[in-house]
Number of protein chains: 2
Amino acid sequence: MVQLALTRRLRATPFTARLEAAGVKAYSVYNHMLLPAMFTSLEDDYRHLKSAVQLWDVSCERQVEIFGPDAARLVQLMTPRDLSRQVVGQCTYAPTVDARGHILNDPVTIKLAEDRFWVSVADSDIILYAKGLATGFGLAVTVQEPDIHPLAIQGPRADDLAAAVFGDAVRDIRFFRFGTVDFGGRQHLVSRSGYSVQGGFEVYLNGSDLGEPLWDALMEAGQSMDVRAGGPNLIERIEGGLLSFGSDMTSENTPYEAGLGKYCAPDRVACIGRAALLAEAERGPARIIRPIAIDGPPMSTPHEPLPLLAGNRAVGQVTSAVFSPDYGTNVALGMVASSHWDPGTTLEVRDGVQTRQALVRDKPFAG
Amino acid sequence: MVQLALTRRLRATPFTARLEAAGVKAYSVYNHMLLPAMFTSLEDDYRHLKSAVQLWDVSCERQVEIFGPDAARLVQLMTPRDLSRQVVGQCTYAPTVDARGHILNDPVTIKLAEDRFWVSVADSDIILYAKGLATGFGLAVTVQEPDIHPLAIQGPRADDLAAAVFGDAVRDIRFFRFGTVDFGGRQHLVSRSGYSVQGGFEVYLNGSDLGEPLWDALMEAGQSMDVRAGGPNLIERIEGGLLSFGSDMTSENTPYEAGLGKYCAPDRVACIGRAALLAEAERGPARIIRPIAIDGPPMSTPHEPLPLLAGNRAVGQVTSAVFSPDYGTNVALGMVASSHWDPGTTLEVRDGVQTRQALVRDKPFAG
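Residues numbered from 1 in each chain as written. Chains lettered and ligands numbered in written order. Predicted model: local features only at pLDDT ≥ 70, side-chain atom pairs only at ≥ 80, totals over all residues. Heavy atoms only, no water.

**Q** Please clarify how helix α4 (residues 126–137) of chain A should be interpreted in this entry.
**A** Residues spaced three or four apart along an α-helix face the same direction, because each turn holds 3.6 residues. Residues and elements named next belong to chain A. For α4, built from 12 residues, the straight-helix expectation of 16 Å at 1.5 Å per residue is met to within 8% by its first-to-last C-alpha distance of 16 Å. Within α4, 10 of the 12 residues are buried, which leaves the element mostly enclosed by the surrounding structure. Those residues of α4 lying buried are I126, I127, L128, Y129, A130, K131, G132, L133, A134 and G136. The positive-phi residue at the C-terminal boundary of α4 is G138, with phi of around 65°. (Helix = DSSP H or I, 4+ residues; strand = E, 2+ residues; numbered from the N terminus. Expected span 1.5 Å × (residues − 1). Buried < 20%, exposed > 50% of the residue type's maximum accessible area, 1.4 Å probe, protein only.)

**Q** Can you help me understand the sheet that holds strand β9 (residues 108–113) of chain A in this one?
**A** Picture the strands of a sheet paired through backbone hydrogen bonds; they go either parallel or antiparallel. All names here are of chain A. Taking strand neighbours across the sheet as the criterion, the 5 strands line up as β6-β9-β10-β5-β11 in an open arrangement whose pairing is antiparallel. The outermost strands of the open sheet, each flanked by one partner alone, are β6 (91–93) and β11 (142–144). Taking each pair of neighbouring strands and ignoring which way they run, the sheet shows an average axis angle of 20°. Where strand β5 (residues 63–67) lies against β11, 3 bridges are found, and the strand directions are antiparallel. (Pairing = 2+ DSSP bridges. Axes fitted to C-alpha atoms, helices over the stretch in contact; angles between N-to-C directions.)

**Q** I keep staring at the environment of A:A5 and nothing clicks. Help me out?
**A** Structurally, the position occupied by A:A5 is in the loop between β1 (3–4) and α1 (16–21). Owing to a relative accessible area of 18%, A:A5 belongs among the buried residues under this scheme. Residues in contact with A:A5, not counting those within four places in the same chain, are A:L10, B:M1, B:A26, B:Y27, B:S28 and B:A37. (Contact = heavy atoms within 4.5 Å.)

**Q** How do you make sense of the sheet that holds strand β15 (residues 200–206) of chain A when you look at a structure like this?
**A** All names here are of chain A. Spatial ordering of the open sheet is given by β13-β14-β15-β12-β4-β16, a layout of 6 strands whose pairing is mixed. Both edges of this open sheet fall to β13 (178–183) and β16 (227–230), since each of them pairs with a single strand only. Going from strand to strand, the sheet's axes swing by 30° on average, the running direction of each strand aside. Both strand β12 (residues 148–154) and β15 contribute to a ladder of 7 bridges, which runs antiparallel.

**Q** Help me out: how do you make sense of the relation of the copies chain A and chain B in this one?
**A** One copy of the chain maps onto the second through a rotation about an axis and a displacement along it. Between chain A and chain B, the superposition needs a rotation of 180° and an axial shift of 0.0 Å, giving an RMSD of 0.0 Å. Here the copies are linked by what is in effect a two-fold axis. Take the interface residues of chain A: 96% of them recur as interface residues in chain B, which is what a same-surface contact looks like. (Least-squares fit on C-alpha atoms with pLDDT ≥ 70 in both.)

**Q** Help me understand the packing of helix α5 (residues 158–166) of chain A against helix α6 (residues 211–221) of chain A in this model?
**A** Two quantities define a packed helix pair, namely the angle between the axes and the distance from one axis to the other. All names here are of chain A. Running from N to C, α5 and α6 point in directions that differ by 120°, and their axes come no closer than 9 Å. Considered as vectors, α5 and α6 are oriented oblique to each other. In this structure, α5 crosses over α6, and the sense of that crossing is right-handed. Where α5 abuts α6, its residues L161, A164, V165 and F166 lie against L214, A217, L218 and A221. (Parallel < 35°, antiparallel > 145°, perpendicular 65-115°, else oblique. Left-handed = near helix turned anticlockwise from the far one by under 90°.)

Below, the structure is given as structure tokens:
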């Protein structure tokens, strides 16, 4: 593997020193920030995630804080998801779109108050989009990045670990809802969410200075639970069908193509890109993301998309793929044309070395 | 050094396969794209850059194409630099600002026609800012990312190499102006510019499919000139005082703090953040970026800023630093408070291991 050249531009987090002490072997870069990608090995990290509990430094899920009288209006402008019934305390997966109805990000929007939101973003600078819209529309809002750094607790023992440090009340937090906990004399938001299908929480560290104390408290409380440092795991997230913006869909795609049509209500909301989205809702998308099983020897994740072929005709591309030890096959996600997206369709993938059979699936492998 | 986990999200470029064949050892990530950071060693790459000629894959300098009747208006809205006299064929360094007058990027704006611009961006998604502004202000413009990938030719023999492939007319291109050349049956823009002080060009590859043919043609023509694959070199760029957005200044800073006051004319242009910039122009910035010489054993680039101290008082921070073989000292850039920014001021830096003397300079070491 190639090395990563570290400079200040690839931002460290309040937990980076602890990751280095824990022996982080590989990083990704996400929102200009370091995201741990591997500790022991991809497979060992995966086995451990599925059996115990891990702390993930997901500080790179930056929060775009939007508050003021026009906050709700701006948040709704950016997404075709209907947020009119979102209550304070709720986290809502709400893809961001542009005027063409293309995806710019797939954040979780967190409603802190009627006039205050955090947009917890995937890998693109949505803060710049929000600032541009706020200035252009002349909205009465402040758009800023708060000193908030999410730390995820993921794995089957996540509830036990969170309860050991924050008290049993965290067990009552429902999926995609948040509560608050006290740590280090400060309140921190805790949501039941995370980028795995193992379950767990995301703690929105409130203030960088408490990063290492929080990390240490969780590591100490989790000793008996075999807690380890971890991070989003490529194998587990593909098995679970969790999308990665930038890998599985880009700003070349629409939410419908990303399989997010069920979250889109352009008929009801006054969002940007409404006309384009209404037209696509009417005619249906030309392609869609599907889970795919690919046979043959273990694959590593493609650096660039691999063409999906029907005979010699390109009918899509594989965007994420890796060998799954638990399913005994290569698990993948890919974008497949409407002519070939029916579950059960067999296609071919050429990865430069060989031609493999690829089976289009309806549902993810896990989750 | 730590590894970089490669996925599609960290975009490959039309030249990535050639970099891998050339033995790239380290990447950075810039605008979600791979940027080569090291081939042989930082010092060897540096020596070679200063004595011969290198091809740099700077595809990550993404172009934000803005065209249409309101294009000039949008481009001017985003920057306090007065673009009213920019002519077609000119490249202008024009920092992007937000409503607070803070820097969001420090791109080069290229005027292709009266109604068509490329904003060649540093490391942040300015395309999202431009889209937000265009939608919010209801401007008659199209904002998009074209299939353009810059390849830099840098070093003392850059003119000879460019002339060998594109003809002698490229020698006449003036600094920060562009011409066009024919290659592979297509026109490509070539500017005299680049992120080194060795001189050279940036070729705006027009169409990914011609990336490898262009690379190969330049490598073949440059054999007798000792051409090699390279990339922006940390030592050379700090010696030359070239700023890195995200390292030396961030969106916490203003253009005046970044030493870019000479490019700001908020009194003359109707840009975003005008009121804040006028106020700062009046009172002067509270701190400014300075070149700094730091004594003691060779330093490596700081992962996080290092505090600059006067006695025990923090009066700034070192944002980029590395040992320079040619100057026999650690060369650095840092942000220094107005109380201590006079050239010749001696400060201290603590890097965790030791305390070093730091000399504030007026001008960069080279260039």
